[in-house]
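Tertiary structure, described
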Amino acid sequence: DLKIGNKVNLERALAANIRFGGHFVQGHVDTTGEIISITPEVNSLWFKISPSDSKYLRYIIPKGYICLDGTSLTVCEVNDAENWFNIMLVAYTQSHIIMPLKKVGDKVNIEVDMLGKYVEKIVDSMLSSETNGVGGYLDKLVTNYLEKTTSKKNIESNLVKKDES
């Protein structure tokens, strides 16, 4: 939806030799969303956004980060049932980004939390019954535990039987 002359957010990459004090943002677009409401509150603005692909809501959590049109922001609420989340912009933030220029019905680019995607991938591979033809990691942990426990109980049982005889 960008046209010549539209404003965009641009931020320099983080240098490796300075303190990190924000969110991880890669600059990718996972999905888009539609602004479904903008509510002023004193000097703040509340934006309610509905992702075009609801599967991305699983990565969006209250107090987590969301990147909208290249700006890293903090999520306030998430409503999975109604397919929306909201963010609140204080006056300082409003004066430094393009979101306040948006209107209800406008689209925004959404980048969700990459840490959530990493966790999902790791947990999924741990819980899956097969990974490249090999039993999943969690299956192996449980099997090893049961083998050790069963073996230990058998040894203890045999020792008790010997003591009784």
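Everything below is about the structure printed above this text.
The structure reproduced in this document is the subject of the present report.

What counts and how
Residues numbered from 1 in each chain as written. Predicted model: local features only at pLDDT ≥ 70, side-chain atom pairs only at ≥ 80, totals over all residues. Heavy atoms only, no water. Core = buried A, V, L, I, M, F, W, Y, C linked by side-chain atoms within 4.5 Å. Buried < 20%, exposed > 50% of the residue type's maximum accessible area, 1.4 Å probe, protein only. Helix = DSSP H or I, 4+ residues; strand = E, 2+ residues; numbered from the N terminus. Contact = heavy atoms within 4.5 Å. Salt bridge = Lys/Arg side-chain N within 4 Å of Asp/Glu carboxyl O. Phe/Tyr/Trp six-rings, centres within 6.5 Å; stacked < 30°, edge-to-face > 60°. Lys NZ or Arg CZ within 6 Å of the ring centre and 35° of its normal. Pairing = 2+ DSSP bridges. Axes fitted to C-alpha atoms, helices over the stretch in contact; angles between N-to-C directions.

Overview of the nonpolar core
A general trend in soluble globular proteins is that nonpolar side chains are found buried together. Formed by 20 residues in total, the largest nonpolar core has its most connected members in Ile49, Ile66, Leu68, Phe85, Ile87 and Met99. Mapped by element, the contributors of at least two residues to this core are β2 (44-51), β3 (65-68), β4 (71-79), β5 (84-89) and β6 (107-111). Met99 has contacts with Ile35, Phe47, Ile49, Leu68, Ile87, Leu89 and Val108, leaving out every residue within four places of it along the chain.

Examining the pattern of salt bridges
Scanning all chains against the criterion turns up 4 salt bridges. With a shortest N-O distance of 2.9 Å, Lys117 and Asp30 are connected by a salt bridge. Of this pair, Lys117 sits in helix α2 (residues 114-127) while Asp30 sits in the segment before β1 (31-41), and the two are 87 residues apart along the sequence. Note that Glu34 is salt-bridged to Lys107, the shortest N-O span being 3.9 Å. One end of the pair, Glu34, is in strand β1; the other, Lys107, is in strand β6, and 73 residues separate them in sequence.

Comments concerning the packing of aromatic side chains
How two aromatic rings sit relative to each other is given by the distance of their centres and the angle of their planes. With the rule as written, the count across this model stands at 1 aromatic pair. On the numbers, 6.2 Å between centres and 45° between planes, the contact of Tyr56 with Tyr59 is tilted. For Tyr59, a relative accessible area of 10% gives the class buried. Across the ring face of Trp84, the terminal group of Lys48 is positioned such that the distance to the ring centre comes to 4.2 Å.

Details of unusual backbone geometry
A positive phi is found at Val42, a non-glycine position, where the angle reads about 55°. Within the secondary structure layout, Val42 lies in the loop between β1 and β2. We classify Val42 as exposed; its relative accessible area is 86%. The backbone phi angle of Asn83 is positive, close to 60°, even though this residue is not glycine. Tracing the sequence through the fold places Asn83 in the loop between β4 and β5.

Thoughts on the sheet that holds β2
The strand order around the closed barrel built from 6 strands is β1-β2-β5-β4-β3-β6, with neighbouring strands paired in antiparallel fashion. For this sheet, the mean angle separating the axes of adjacent strands, direction not counted, is 45°. Looking at chain direction, β4 and β5 are connected through 4 bridges and run antiparallel. Paired with Glu77 across the strands is Asn86, a residue of β5.

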